[in-house]
Structure formats: C-alpha cells, structure tokens
Amino acid sequence: MNTLIKGDNIDALDYLLKETNLRGKIDLIYTDPPFATNGNFTITNGRASTISNSASGNIAYSDKLLGKDFIKYIKERLLLMKELLSDKGSIYLHTDYKIGHYMKVMMDEIFGIENFRNDITRVKCNPKNFKRIGYGNIKDMILFYTKSENPIWHEPKEPYTKEDIERLYKKIDKNGRHYTTVPIHAPGEISDTKRFNGLLPPAGRHWRTDVQTLEKWDKEGLIEWSQNGNPRKIVYADSSEGKRVQDIWLNYKDPQYPIYPTEKNINFIKLIINTSSDLDSIVLDPFCGSGTTLQAANSCGRKWIGIDKSDLAIGITKNRMKYNDDTFYGPDIEYIDLMQKTN
C-alpha cells in the first residue's frame, strides 16, 4: 500500500522496521536530506524560497544542524535505511559540494566502498553572477550505492542528439537514413564455426551470432559488403535505443518556480526509478518534502512510501497526490501520523 507518514523520519524508519514486514523489502531509496546550510527554508504567499530565508514566511523546514551533529543525524537514519533495503536494492543520496565528501565517507562505511557505484553530477541551475571568492556553483551531487553486487538495473538510455547522429552514423542510405556498420565477428576461435555465404571469420575470431541469423540479416539488407567482400552489420540511427546515460546530468535543472523549497526536477527522479527498480518494487523517500519522488514513483507504476515531519510538506504532498475527486485517501493510500500517536 502507498503510504505517507508524518513524523520524524528516524521514528518512521523504526516504525517501518518494527511494525511492518518491510525489513529487507524496499528496492529503492531516493533521499534528499538537509545540506547543513544553517538556515531556515520558507514559503511566503505560496512561493517557496530557493535559498535559506528566515526573515519572513512560513518555515517549511529548518536546516540548523551542523558539523558532527549533522553527520550523526544522517548516519543514524542511513543505518535504518540499509536495514529496509532489499539485497537487490539501491540508494541514491542527494547532497552538495559542501557536505558531499563527508556523506561519501559515511556511506562507504555503511554500505561498503565496494558497493559505491557513482558520484553523479547534476547541473541544477543556470550560471549565477553572485560576487564571491570561488567559482559559481551550478551543480550538486547524487551518491549512488547498492546493497549488493546484484542490484536491480535497467540500462538507462537517452536519445541521440542531431550532433550525435551526424558524428556516429555518418553513412546515409538511398532512403536518407543515417547508419553505421559494425563487425559481425568477435575475438576468440571456436572449433565448430560454420561458413556464412562461403566465408569463415578471420583467424582468431568467431561469428557474433549464429549463421542462420547472419543469413536472415543479409536477406533483409542489413549486411553491407565491402568491395573486398567483407561483411559488416548495418545499424540505423533511427532504430537505436539511444546512448548510455553518463554520470553528468545536464538537462535536469530544478523548477524555476518551486512549490516547496529545494524542490527537485521530477524527470531525473523518474530516470532513477526506472533504472533501479521494477514494476513491483517499493520506492522510499524518507525526506519527501513536496512529494516529487512519490509522484514520480506513481507515474512509473511503483508503490511508494514518503516520510516528512513538516506540516507544509505533508499538506503539499497530499495536494500533489490527490485523486480525481479531490480526495487524498483511497483504497491504495494510507496516511499515518506518528506525531499524533506520540502526542
């Protein structure tokens, strides 16, 4: 069941471990905790501040823990998150350049340095012209760890740009389609290699696939023969799955007019969800803020659990996740107020 929990997330994570059967059942955690900025983040007249602001407005959340207290605060929660993660699970922790190196060392200790996968750089905004000693900061970082060596992983692809196609698919057929060619043989000999169109692969190599498939490709016009009679497989740009996603994300800037402070771009969260979870997975966001992760999980067909202690965050999340009849509650959503239970 999709679940929104109001409460301090250390209590909520403990609740999930002790009062549910979710220990070792969460396949994906995306978490965007405070960044130790020593500020308050506010909402004024429905508009969220994108930098800390304690002068006016309603405080959405306070980010006052610093130094060792902050590290202790995050570590206590990460230890509980690890217990909730399944053996095929992944965790993505969103942080920034000021505190990220501390987070990296801590996560190496908790999840194992061998399970560190990526330090993803995300360009978060346009260049700023603030006067400061130092270069302009337009990026933050996402630390990606897995629970084990065999996590859920769906290879992420993104479409080729026009420049990519012109660079990688330089040939053009009679119909104007861009293509390139790749070898149909690979290193290593095998003893029972069969002939394709009367040919054997070069010495020390073998066919990449069976001869029947090669013959099928040839009939379909997907084999290009050189003047010397060398066959290569034709690969069209418009039939490609796209290019592999790299660890610098340029096209996921934050909303210009967020409804909640530090609200993140929903599309990179969808990318994370589609890459590191299955359709039957549960996605957990222990600092869910305005519910962006929950909406992303919902749109990707995953179950979700969100946790936050802010009244403003809970209210905005409920509004974001409303049903068509304007009600938050439904047959597949549970709301738990741990703060009320505590009181």
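All values derive from a computational prediction rather than experimental measurement. (Residues numbered from 1 in each chain as written. Predicted model: local features only at pLDDT ≥ 70, side-chain atom pairs only at ≥ 80, totals over all residues. Heavy atoms only, no water.)

Caption draft 1: Quick peek at the sheet that holds strand 2 (residues 26-31). Ordered by their spatial adjacency, nine strands build an open sheet running 17-7-8-6-2-18-19-1-20, and the pairing between neighbours is mixed. A single partner strand is all that each edge strand has here, and the edge strands are strand 17 (248-249) and strand 20 (333-337). With five bridges joining them, strand 1 (residues 2-6) and strand 20 adopt parallel strand pairing. Residue pairing in the sheet places K6 in a bridge with D337 of strand 20. Each of strand 1, strand 18 (282-285), strand 19 (303-308) and strand 20 touches helix 1 (residues 9-19); the most contacted strand, strand 19, lies at about 145 degrees to it. (Pairing = 2+ DSSP bridges. Helix = DSSP H or I, 4+ residues; strand = E, 2+ residues; numbered from the N terminus. Contact = heavy atoms within 4.5 Å. Axes fitted to C-alpha atoms, helices over the stretch in contact; angles between N-to-C directions.)

Caption draft 2: Here's a closer look at the packing of aromatic side chains. One pass over the full model with this rule turns up 13 aromatic pairs. With a centroid separation of 6.4 Å and 55 degrees between ring planes, the pair formed by Y73 and F287 is classed as tilted. Placement of Y73 in helix 2 (residues 67-84) and of F287 in the loop between strand 18 and helix 7 (292-299) is noted, with a sequence separation of 214 residues between them. Comparing Y73 with F287, the two get one shared label, buried. Aromatic side chains W249 and F268 sit 6.2 Å apart centroid to centroid with 50 degrees between the ring planes, which places their arrangement in the tilted category. Residue W249 is located in strand 17, and its partner F268 is located in helix 6 (residues 266-276); the two are separated by 19 residues in the primary sequence. An identical accessibility class is assigned to W249 and F268; each is buried. Feature note: the residues Y30, W249, Y252 and F268 constitute an aromatic cluster, connected by ring pairs. Looking at R177, its charged tip hangs above the ring of Y236, at a distance of 3.7 Å from the centre. Cation over ring: K318 sits above Y335, and NZ or CZ is 3.8 Å from the ring centre. (Phe/Tyr/Trp six-rings, centres within 6.5 Å; stacked < 30°, edge-to-face > 60°. Buried < 20%, exposed > 50% of the residue type's maximum accessible area, 1.4 Å probe, protein only. Lys NZ or Arg CZ within 6 Å of the ring centre and 35° of its normal.)

Caption draft 3: Highlighting helix 2. Between its first and last C-alpha atoms helix 2 spans 27 Å; for 18 residues at 1.5 Å apiece the expected length is 26 Å, and the two agree. Within the span of helix 2, buried status applies to F70, Y73, I74, R77, L78, L80, M81 and L84. Buried residues of helix 2, viewed axially, fall in a sector of 165 degrees; they line one side. In helix 2, the exposed residues that point more than 90 degrees away from the buried face are K68 and K72. The elements touched by buried residues of helix 2 are helix 1, strand 2, strand 6 (85-95), helix 3 (100-111) and strand 18. (Expected span 1.5 Å × (residues − 1). Arc of directions from axis to C-beta.)

Functional significance is not addressed by these values, which are geometric in nature.
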